[in-house]
Amino acid sequence: MGIIDISRNNATVADAVLVIHGGAGTILEENLTSEREALCHSGLRAALERGYGLWQAGADALSIVEATVRVLEDDPIFNAGRGAVLNDQGVAELDASIMRGVDRMAGAITGVTTIKNPITLARAVLEKTPFVFLSGVGAEELAATLEEIEIVGQDYFFTDERWKQLQAQRVSNSVSLSEDNKFGTVGAVARCKGNHLAAATSTGGMTNKRHGRIGDSPVIGAGTWAEDATCAVSATGHGEFFLRAAVAHEIAARMRHAKEGVAVAANTVIHEELVAMGGSGGVIALAANGEAALPFNTAGMYRGVIAADGTIATAIYGKP
Ligand code: ASP
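Counting restarts for each chain, with residues numbered from 1 along the sequence as it is written. Confidence filtering applies because this is a predicted model: local features only for residues at pLDDT of at least 70, side-chain atom pairs given and counted only at 80 or more, and all residues used for totals across whole chains, interfaces and linings. As a convention, hydrogens and water are excluded, and side-chain values are obtained from all of the structure's heavy atoms.

K.L.:
Can you explain the overall build of the protein? Please cite residues and give values.
P.N.:
Secondary structure elements are defined from DSSP: runs of H or I of at least 4 residues count as helices, runs of E of at least 2 residues count as strands, and each element is numbered from the N terminus. Check the secondary structure of the protein and you find 9 helices and 13 strands. Across its three principal directions, the C-alpha atoms of the protein cover 45 × 45 × 35 Å. Burial statistics for the protein: of 320 residues in total, 60% are counted as buried. Taking as baseline every contact in the protein between residues at least 6 positions apart, the subset at least 24 positions apart corresponds to 72%. Think of it in three bands: with a 1.4 Å probe and only protein chains considered, a residue is buried below 20% of the maximum accessible area for its type, exposed above 50%, and partly exposed in between. What makes two residues a contact is simply this: any of their non-hydrogen atoms within 4.5 Å.

And the structure:
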C-alpha cells in the first residue's frame, strides 16, 4: 500500500476507486476540537470502507455511491440525513441526487422531510420511475409505496447543534454557508471494477434557508454529474453559485470539448471560474481511469479517498 497526499486544496490522486466529501466551508483548525476532528475522520473512513467493501465484492458504481452516502447520511456530524441543517422554519428539508455514468441515467429529489436516506429515494426515482426529478409531496408519496425507503419523523433529523446554529443565524438574520455550515453536504464518486462511474450528493442545504429553496445538490449538472466518457462529480459549496456555474457539468464539458484532464478541468472551475463569480466551495471529481481531483477554494473541505490497493486518506483543512 502506498501513501496518498490530499493535504492541499488542489490535490489529485491516481488509481482512486472512491472519493467522498462531507462539505466545504470556513473550516479552521482553531475552531475544531480534536474530538470533533476525530469524529469527522472516523465518519469519513467508515463511509470509504463501506464503499470499498462493495467495490471489492464487484458491486456496480451506483450501488457503491449510494451505500457510501447512506453511511454519511446516518452520521449526525454531516449535513445530510440525520444532523441535517434546519431551514427558516426549523425544519430539516432534504435534497439528494444520483447519476450513473454508463447511460447517464439520473434520479433526484428535493424538499423531502420524512425520508431517512434521501439518496436511496433518489436512486428509486432513477430505477423505478420514468422521471428524473421529484419534489416534496410527490416524492414522499412515491416513498410511501417503496419497501426500501424508511420513513421517519422530523425528530430523527434534529440535533441540538443544528438548533443552536439556526438560532445564531436568526439573530444575525443571515443564510450561511461559510461560517455555520461547517459540517456540510455529503457526496461520493466511484468507479466499479468495469470502470463505470457514478456520483451521488445529499444535503440539508444551508442553515436558515428559506423553506422551498433548492440548492445545487439535487440538480443534475450543478451538484452532481456522471458520464463514463468524462467524469463523475459531486459538489459542495454555496449552491446559488454552483447552480449558476453548472459546476458539475462544466467540469465534464471542459474534459469533452477542451480535452482537459479531470484535474485541470476541476481545478479551473473551482479555483478560477467560481472564484471570478464570488462562489465558494469544492468538488470531488473522478475519471474512469482512476484519476481523481479534490479542489476547493474554501479554508477546508471534509474529504477522503480510497485507492484500488486499499490505501486510504482523509483530510479536513487545505494548504494552498
Ligand atoms: N451546496 C449545498 C447547498 O447550497 C450546501 C453545501 O454544499 O454545504 O444547498
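K.L.:
Quick rundown of the packing of aromatic side chains? Include the residues and the values.
P.N.:
Between 30 and 60 degrees the pair is tilted, below 30 it is stacked and above 60 it is edge-to-face, where a pair is any two Phe, Tyr or Trp rings, Trp via its six-membered ring, whose centres lie within 6.5 Å. On inspection of all chains with the given rule, the structure shows 4 aromatic pairs. For the ring pair F78 and Y302, a centre distance of 6.3 Å and an interplane angle of 75° mean the geometry is edge-to-face. Taken together, the residues F78 in the loop between α2 (61-74) and β3 (94-100) and Y302 in strand β12 (residues 300-307) connect sequence positions 224 residues apart. For the pair F78 and Y302, one class covers both residues: buried.

K.L.:
Could you give an account of the sheet that holds strand β6 (residues 186-191), with specific residues and numbers?
P.N.:
Paired strands, in this sense, are two strands between which DSSP finds at least two bridges. Reading across the sheet, the 8 strands line up as β5-β4-β3-β7-β6-β2-β12-β13 and stay open at both edges, with mixed pairing between neighbours. Every interior strand has two partners, whereas the edge strands, β5 (133-135) and β13 (312-317), have only one. The sheet shows a mean angle of 10° between the axes of neighbouring strands, taken without regard to direction. Relative to β12, strand β2 (residues 16-25) runs antiparallel, the two being bridged by 7 bridges. Looking at β12, one finds that H21 is bridged to R303. Helix-sheet contacts for α2 involve β2, β3, β6 and β7 (197-203), and the interaxial angle to β6 is about 155°. Each axis is a line fitted through C-alpha atoms, taken for helices only over the stretch in contact, and angles between the N-to-C directions span 0 to 180 degrees. With respect to the sheet, helix α3 (residues 118-128) is in contact with β3, β4 (106-112), β5 and β7, its orientation differing from that of β3 by roughly 45°.

K.L.:
Lay out helix α4 (residues 136-144) with the relevant residues and their values.
P.N.:
Among the residues of α4, those classed as buried are G136, A139, E140, L142 and A143. Projected down its long axis, α4 carries its buried residues within an arc of 155°, all on one side. Away from its buried face by more than 90 degrees, α4 exposes V137, E141 and A144. Here the buried face of α4 lies against β4, α3 and β5. The directions from the helix axis to the C-beta atoms form the arc being described.

K.L.:
Describe the site of the ligand, listing the residues and the values that go with them.
P.N.:
Residues in close proximity to the ligand total 11 residues, the closest being T185, R213, D216, T236 and G237. The term polar contact refers here to a pair of N or O atoms within 3.5 Å; inside protein, the definition further demands a hydrogen-donor-capable atom paired with an acceptor-capable atom, and it admits residues adjacent in sequence only when both atoms are side-chain atoms. One of the side-chain N or O atoms of T185 is found 2.9 Å from an oxygen atom in the ligand. A distance of 3.0 Å separates an oxygen atom of the ligand from a polar backbone atom of G239. Accessible areas in this description were obtained via Shrake-Rupley with a 1.4 Å probe; residue shielding takes into account the shown protein chains only. Summarising the interface, the protein chains cover 100% of the accessible area of the ligand, which totals 270 Å² for the free molecule. Under the grouping applied here, Gly and all other residues not named as nonpolar or charged are polar, the nonpolar ones being Ala, Val, Leu, Ile, Met, Phe, Trp, Tyr, Cys and Pro and the charged ones Asp, Glu, Lys and Arg. Residue classes in the shell around the ligand are distributed as 2 nonpolar, 7 polar and 2 charged. For this description, a residue counts as near a given molecule or strand if any of its non-hydrogen atoms is within 4 Å of it.

K.L.:
Give me the lowdown on the nonpolar core, citing residues and values where you can.
P.N.:
Grouped together as the largest cluster of nonpolar side chains are 58 residues, with contacts concentrated most on L18, I20, I98, I109, L121 and Y302. We define the nonpolar core as a collection of buried residues of types Ala, Val, Leu, Ile, Met, Phe, Trp, Tyr and Cys that are connected through side-chain atoms lying within 4.5 Å of one another. Counting 47 residues, the second-largest nonpolar core is a separate cluster that includes I6, A248, M255 and I270.

K.L.:
Quick one: what's the story with the packing of α2 against α3, residue by residue and with numbers?
P.N.:
Here α2 crosses α3 at 155°, and the two axes come no closer than 8 Å. Between α2 and α3, the angle is such that the two are roughly antiparallel. Between α2 and α3, the contacting residues are L62, S63, E66, V69, R70 and E73 on the first element and P118, I119, T120, R123, L126 and E127 on the second. Partitioned by chemical class, the residues of the contact of α2 with α3 number 5 nonpolar, 2 polar and 5 charged. Note that the term roughly parallel is reserved for angles under 35 degrees, roughly antiparallel for angles over 145, roughly perpendicular for angles of 65 to 115, and oblique for everything else.

K.L.:
A description of the sheet that holds strand β8 (residues 224-226) should follow, citing residues and the corresponding values.
P.N.:
Spatially, 5 strands are ordered β1-β11-β10-β9-β8 in an open sheet, and the strand pairing comes out antiparallel. Strands with a single pairing partner mark the edges of an open sheet, and in this sheet they are β1 (12-13) and β8. Alignment of strand β9 (residues 232-237) against strand β10 (residues 281-286), held across 6 bridges, turns out to be antiparallel. By the bridge assignment for β10, A235 is matched with V283. Each of β8, β9 and β10 is contacted by helix α8 (residues 247-258), which is oriented at about 30° to β8, the strand it contacts most. The strands that helix α9 (residues 262-277) touches are β1, β10 and β11 (292-293); relative to β10, the one it contacts most, it runs at about 165°.

K.L.:
Describe the environment of S7, naming the residues involved and giving the relevant values.
P.N.:
Structurally, S7 can be placed in the segment before β1. On the basis of relative accessibility, which here comes to 22%, the residue S7 falls in the partly exposed class. Here the alpha-carbon distance between S7 and V17, two residues 10 residues apart in the chain, equals 19 Å. When near neighbours in sequence (up to four residues on either side) are disregarded, S7 contacts R303, Y317, G318 and K319.

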